[in-house]
Amino acid sequence: MEFRVDEPLWLILLVPLAVYFAFTGWKLLPGSKALMKVVYVLRCIACALLIFALAGPHLYQPVNEEQILFLVDRSASAETQQVAATEWINKALESKETHQATGVYGFAEDFQSIVPISQDTDALPRDWPIFSTGHTSLAQAIELAANSGDTDLATRLVVMTDGNETKGSAMDSLIRLESERLEIDVVPMTAQTESDAAMESFETPAAAFAGEMLDFSVTIESNTETAARLVFSVNDEEFSRQEINLAPGENAFNYKYPASSEGLAKFEAALELDNDAFLENNRLVSLTEVEGPPEVLVVNNGEASPIPTLLDAGNVNITELPAESVPQSLSSILQYDSIIFDNVPATKIGQTQMDVIEQAVQQFGTGFMMVGGDQSYGLGGYFKTPIERLLPVEMEVTGKHELPSLGLILVMDRSGSMMGMKMELAKEAAARSLELLRPDDTVGFIAFDDKPWEVLPLAKLSDQKDAVDTILSIGPGGGTEIYSSLQMAYEQLSDLELQRKHIILLTDGQSYSASSYDPLLEDGVDNNVTLSTIAIGQDADKVLLEQLAETGGGRYYDVNDATTIPAILSRETIMMSRTYIVDEPFTPTVYDSPWNSLFEQGVPQMNAYIATTAKPLSTVALESPEEDPVLATWNYGLGKAIAFTSGSGAWSGDFQSWSEWPDFWNRSVSQMMPSYEQIPFSVTRKEQGVYTVKDPTGSSAILDVTVIDERGQEVPVETDPVAPGEVEVVIDAEPGLVFFSIANETGAAYRASVTIPYGDEYRIEQTDMRLLTSLAERTGGQVLEEPAQAFRDIPYRSGTISPVAVELLLVAMLLFFIDITLRRFGLKWPRNRKKSELAQEELTESPGTIDKLIKPDR
């Protein structure tokens with residue numbers, strides 16, 4: 001056992017302490033009595049113990065134990081080496097000695113234990129945990145392994161890897177490790193063993209003009225000679241397929257293709273070949289802005305819209321699509337400068353499209369206009385959707401509109417087939433429908449599987465929040481029995497004295513029973529009860545549900561995209577609970593706006609509009625006599641949104657024959673065009689997942705960066721200001737396309753598209769022997785060639801450390817306590833009374849002696 005100190009510099013204090021006590025003893029001790037000498041010794045020892053306690057003292061007990069920890073690379077680049085690594089470790093374990101404990105860890109982006117540290121390990125299991133293989137975080141693995149097990153023991157890490165780290169720095173991690181008993185050996189693993197080819201780069205011009213020939217540059221890395229196919233697509237549509245031959249190493253190809261359409265073009269190059277090790281590195285994307293006139297997308301409800309014929313086709317390019325064909329990716333939406341929905345219901349627009357459109361308007365300045373009709377606004381099911389958020393009006397109506405008395409029962413399938421997203425969306429839709437109802441409305445909720453379950457008894461909606469919580473708590477059940485649930489709903493509604501009584505049936509299956517529904521539905525019609533049905537997915541009995549809706553006097557919805565369920569239930573609820581359509585001819589009131597000059601010669605009459613409520617920050621240009629907005633606008637983020645609650649056809653009345661009618665639409669389009677100041681901020685890739693955003697003009701101090709993916713979802717980012725007008729952005733996004741929306745403190749903005757390449761883990765790389773050799777040399781380890789070398793003796797000593805600072809402090813305190821006791825009560829030696837009395841007299845005659853020793857001079 002050895003006595004050691006961690007901070008020996010504190011022991012320097014012993015020198016002045018020794019000098020002080022030596023001088024004091026020389027002056028006071030000669031001729032002093034026993035009590036003074038005892039106090040002097042105690043005080044010396046106590047002060048010395050205090051100084052030793054400051055020096056971090058401990059007792060070191062050497063032991064013979066060692067621990068050998070294996071770290072196995074499980075990232076994608078080394079994924080094929082698991083069998084070889086297992087065999088290597090099993091062979092090494094044959095050389096393990098009894099005093100050596102062994103543990104096995106795996107690492108990639110994460111770190112997991114495969115075999116716990118034990119002296120009894122003799123072989124590895126066949127099945128290993130599943131790892132997140134997208135990165136190699138060697139630095140993290142070394143630090144975690146070094147702090148595993150007993151850190152007092154001499155430890156050897158045997159790192160089995162190809163050395164191609166993509167996260168952190170293993171050499172930097174050694175600086176953070178302060179262990180004197182850590183040695184790192186390395187076992188180089190082959191980075192690639194299977195045939196693989198990887199797209200290294202794909203470049204197209206950043207900008208071009210329509211009809212211009214675009215230069216495509218493609219670089220492909222291959223580790224073998226093979227034939228392959230190079231497939232090109234634009235905006236997700238394939239337009240060329242090339243047969244190519246790859247040689248080992250780098251292969252460069254160049255092609256020319258015309259820019260056939262204007263707007264933002266997303267080009268994709270994909271590599272196809274047989275027996276390819278990784279598919280993740282076979283695809284890259286590049287964007288080209290094809291300049292031309294502004295692009296306007298008009299979305300219709302299945303019938304041609306009159307708006308394209310009214311717009312100036314000489315100054316804008318117009319594309320008309322049915323609602324079902326609205327693009328689902330942000331890059332496709334950003335092809336257009338403005339988008340017009342002409343009487344389009346939300347039931348035909350999925351949640352993904354609405355999310356993408358909202359981000360295009362808010363973050364990238366795309367204009368948006370909604371035009372009214374009997375399937376638009378509230379009647380279209382846009383309540384609480386991204387489209388409602390971006391519009392300058394709310395779907396809820398206030399003011400002078402009559403609200404009919406309503407009884408509504410929702411009948412929802414809760415069978416096992418509804419489990420998952422369908423069930424969650426259906427519950428969310430039901431909850432959203434309740435939020436549209438008033439406290440005076442009568443509502444009930446029936447869930448069914450093989451029998452009905454009355455979740456909310458039919459009653460006034462007195463506590464909306466409690467009702468919503470009850471619905472959201474429903475779980476999936478068993479089979480599907482529709483008739484008994486419908487029968488219960490009809491029985492509850494039939495005798496109520498209400499203006500509107502409605503049932504909404506939602507199911508994804510087929511009913512067990514073969515009961516006849518006709519008598520039930522006919523009685524319901526006689527009692528003014530209507531029924532709408534929603535068929536979810538391909539397994540629903542669509543024929544039955546369509547017949548039920550037709551006989552029940554309601555509407556039938558065939559749902560293939562489950563995300564439209566909330567919009568459908570919102571539409572149904574609104575149609576029954578509100579009077580939205582105002583169909584009496586009127587002349588709108590004109591307010592100051594960019595459309596003002598069009599009405600100098602008079603204001604035509606309109607026939608109808610959809611009632612909405614203007615949002616507080618919106619600008620109302622036209623207003624109805626009921627003080628409802630007919631034309632309203634506002635800024636939503638970087639974009640502008642316009643709400644026109646009348647229609648493009650018969651609803652607009654005399655506007656159709658108005659001479660300024662085409663100018664009305666052209667001015668609306670011009671108002672939606674982006675008008676913010678643009679600065680060409682630069683976005684450059686620093687390393688995987690890290691980008692530098694900079695203002696090259698030097699006019700910005702603060703940059704605000706938002707990143708949006710192709711699905712319209714905001715990507716979490718971490719921003720780190722580097723200098724005025726420069727930030728580093730760390731993003732964790734899947735390979736593909738993302739869009740940077742960048743703005744500075746003055747409101748100037750810029751849109752940049754960035755291709756997130758596949759991870760560096762999937763690049764074709766050789767084993768990094770330079771890194772592996774450096775790791776071994778820095779810690780006194782070796783590059784192992786034979787498995788038995790892993791269990792050679794470690795040159796560092798193992799031992800247990802027992803800190804004793806607290807014990808030294810306690811002894812010092814005890815000595816001080818004895819010191820005080822002696823000074824208070826004196827020293828009682830076991831001798832005869834006479835000698836004791838004489839000693840006491842001597843002390844009495846010289847009382848200042850000890851005081852001089854223990855009290856400072858004044």
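Please refer to the structure placed before this passage.
Residues numbered from 1 in each chain as written. Predicted model: local features only at pLDDT ≥ 70, side-chain atom pairs only at ≥ 80, totals over all residues. Heavy atoms only, no water.

Student: Quick question: what am I supposed to make of helix H14 (residues 542-552) here?
Tutor: For an α-helix, the turn length of 3.6 residues means that residues three or four places apart are oriented alike. Here H14 has its buried residues at Lys542, Leu544, Leu545, Leu548, Ala549 and Gly552. With its buried residues spanning 165° around the axis, H14 presents them on a single face. Exposed side of H14, more than 90 degrees from the buried face: Val543 and Glu550 are the residues found there. Residues of H14 that are buried make contact with helix H12 (483-494), strand S24 (500-507), helix H13 (518-526), strand S25 (529-536) and strand S26 (553-559). A positive phi of about 75° marks Gly553, the residue just after H14. (Buried < 20%, exposed > 50% of the residue type's maximum accessible area, 1.4 Å probe, protein only. Helix = DSSP H or I, 4+ residues; strand = E, 2+ residues; numbered from the N terminus. Arc of directions from axis to C-beta. Contact = heavy atoms within 4.5 Å.)

Student: Quick question: what am I supposed to make of the packing of H12 against H13 here?
Tutor: A pair of packed helices can be characterised by two numbers: the angle between their axes and the separation between those axes. Packing of H12 against H13 leaves a shortest axis separation of 11 Å and a crossing angle of 20°. For the element pair H12 / H13, the angle class is roughly parallel. By crossing handedness, the relation of H12 to H13 is classed as left-handed. Where H12 abuts H13, its residues Tyr483, Leu486, Gln487 and Tyr490 lie against Leu520, Leu521 and Gly524. (Axes fitted to C-alpha atoms, helices over the stretch in contact; angles between N-to-C directions. Parallel < 35°, antiparallel > 145°, perpendicular 65-115°, else oblique. Left-handed = near helix turned anticlockwise from the far one by under 90°.)

Student: What is the right way to read the side chain of Thr166 from this model?
Tutor: Along the chain, Thr166 falls in the loop between strand S6 (154-161) and helix H5 (170-176). One polar contact links the side chain of Thr166 to the main-chain amide nitrogen of Thr136, over a distance of 2.9 Å. The contact partners of Thr166, leaving out residues within four places of it in the chain, are His135, Thr136, Gln688, Asp760 and Glu761. (Polar contact = N/O pair within 3.5 Å; in protein donor to acceptor, adjacent residues only side chain to side chain.)

Student: How should the packing of helix H10 (residues 421-435) against helix H11 (residues 464-472) be read in this particular structure?
Tutor: Their axes nearest at 9 Å, the elements H10 and H11 cross at an angle of 170°. Viewed along their axes, H10 and H11 adopt a mutual orientation that is roughly antiparallel. Residues Lys427, Glu428, Ala430, Ala431, Leu434 and Glu435 of H10 form the contact with H11, whose participating residues are Gln464, Ala467, Val468, Ile471 and Leu472. Considering only residue class, the contact of H10 with H11 consists of 7 nonpolar, 1 polar and 3 charged. (Nonpolar A, V, L, I, M, F, W, Y, C, P; charged D, E, K, R; others polar.)

Student: Got a minute to help me understand the pairing of strand S4 (residues 100-107) in this structure?
Tutor: With 8 of 8 residues buried, S4 is to be regarded as a mostly interior element. Side chains Gln100, Thr102, Val104 and Gly106 of S4 all project onto a buried face; the interleaved residues Ala101, Gly103, Tyr105 and Phe107 project onto the opposite face, where all are buried too. As judged from the 8 bridges shared by strand S3 (residues 66-73) and S4, these two strands associate in the parallel manner. The residue of S4 that forms the bridge with Ile68 is Thr102. One crossover worth recording links S3 to the parallel S4 by way of helix H3 (residues 82-93), and it is right-handed. Looking at chain direction, S4 and strand S5 (residues 111-118) are connected through 5 bridges and run antiparallel. Pairing of Thr102 across the sheet is with Ser118, part of S5. Hairpin connection of S4 to S5: 3 residues between the antiparallel strands. (Pairing = 2+ DSSP bridges. Right-handed = clockwise from strand over helix to strand, strands pointing away.)

Student: Where do I start with the sheet that holds S5 in this structure?
Tutor: Strand pairing in a sheet is mediated by backbone hydrogen bonds. Such pairs are either parallel or antiparallel. Spatially, the 5 strands line up as an open sheet ordered S5-S4-S3-S6-S7, and their pairing is mixed. Where the open sheet ends on each side, the last strands, each with one partner, are S5 and strand S7 (182-188). On average, each strand axis in the sheet is tilted by 15° relative to the strand beside it, whichever way the strands run. Taken together, the 7 bridges between S6 and S7 define a ladder with parallel strand orientation. Bridge pairing in S7 links Val159 to Val186.

Student: Explanation requested: a negative patch on the surface in the structure shown.
Tutor: Residues Asp518, Glu522, Asp523 and Asp526 make up a contiguous surface patch of negative charge. For Asp526, the position within the fold is in helix H13. Residue classification places Asp526 among the exposed positions, given a relative accessible area of 65%. (Patch = residues over 30% accessible without salt bridge, like charges linked within 9 Å, V, L, I, M, F, W, Y side chains within 5 Å. Areas by Shrake-Rupley, 256 points an atom, 1.4 Å probe, with all protein chains shown as cover. Salt bridge = Lys/Arg side-chain N within 4 Å of Asp/Glu carboxyl O. Lys, Arg positive; Asp, Glu negative; His and termini not counted. Charge placed at Lys NZ, Arg CZ, Asp CG, Glu CD.)

Student: Would you mind going over the nonpolar core with me for this structure?
Tutor: Here is a general trend for soluble globular proteins: nonpolar side chains tend to be buried in one another's company. Membership of the largest hydrophobic core comes to 82 residues, with the highest contact counts inside it found for Phe341, Ile357, Phe368, Tyr382, Phe644 and Trp665. In terms of residues, this core owes the most to one element, helix H8 (residues 351-364), which gives 6 residues. Each residue touching Ile357, except ones within four places of it in the same chain, is listed here: Val326, Ile333, Ile339, Phe341, Phe368, Ile387 and Leu390. Ala431, Ile471, Ala562 and Leu569 belong to the second largest nonpolar core, which has 34 residues in total. (Core = buried A, V, L, I, M, F, W, Y, C linked by side-chain atoms within 4.5 Å.)

Student: How should the sheet that holds strand S17 (residues 317-322) be read in this particular structure?
Tutor: Pairing is mixed in the open sheet, where 8 strands are placed in the order S17-S16-S18-S19-S33-S32-S31-S28. Bordering the open sheet on either side are S17 and strand S28 (589-590), each of which pairs with just one other strand. Across 5 bridges, the pairing between strand S18 (residues 338-342) and strand S19 (residues 367-371) is parallel. Residue pairing for S19: Phe341 is matched across the bridge by Met370. Each of strand S16 (295-300), S18, S19, strand S32 (629-636) and strand S33 (639-644) is contacted by helix H16 (residues 661-672), which is oriented at about 150° to S33, the strand it contacts most.

Student: Help me understand a nonpolar patch on the surface in this model?
Tutor: Residues Trp10, Leu13 and Leu54 make up a contiguous nonpolar surface patch of roughly 270 Å² in combined accessible area. For Leu54, the location among the structural elements is in helix H2 (residues 34-54). In this structure Leu54 comes out as partly exposed when scored by relative accessible area, which is 43%.

Student: It is not clear to me how the pairing of strand S12 (residues 237-246) should be interpreted in this structure. Could you clarify?
Tutor: The side chains of a regular strand alternate, first on one face of the sheet and then on the other. Sheet topology places strand S11 (residues 226-234) next to S12; 9 bridges connect them, and they run antiparallel. Paired with Thr226 across the two strands is Leu246, which belongs to S12. Between S11 and S12, which pair antiparallel one after the other, the connecting turn spans 2 residues, and Asn235 there sits at a positive phi close to 50°.

Student: Looking at this model, I keep getting lost on the packing of aromatic side chains. Mind explaining?
Tutor: Any two aromatic rings considered together are summarised by their centre-to-centre distance and by the angle between their planes. The tally for this structure, following the rule as stated, stands at 35 aromatic pairs. The interplanar angle of 55° and the centroid separation of 5.2 Å between the aromatic rings of Phe216 and Tyr257 together place this pair among those described as tilted. Taken together, the positions of Phe216 in strand S10 (residues 213-222) and Tyr257 in strand S13 (residues 249-258) put the pair 41 residues apart, joining distant regions of the chain. We note that Phe216, like Tyr257, is buried. Arranged with centres 5.1 Å apart and planes meeting at 70°, the rings of Phe655 and Trp658 form a pair that is edge-to-face. Of the two residues, Phe655 and Trp658, both sit in the buried class. (Phe/Tyr/Trp six-rings, centres within 6.5 Å; stacked < 30°, edge-to-face > 60°.)

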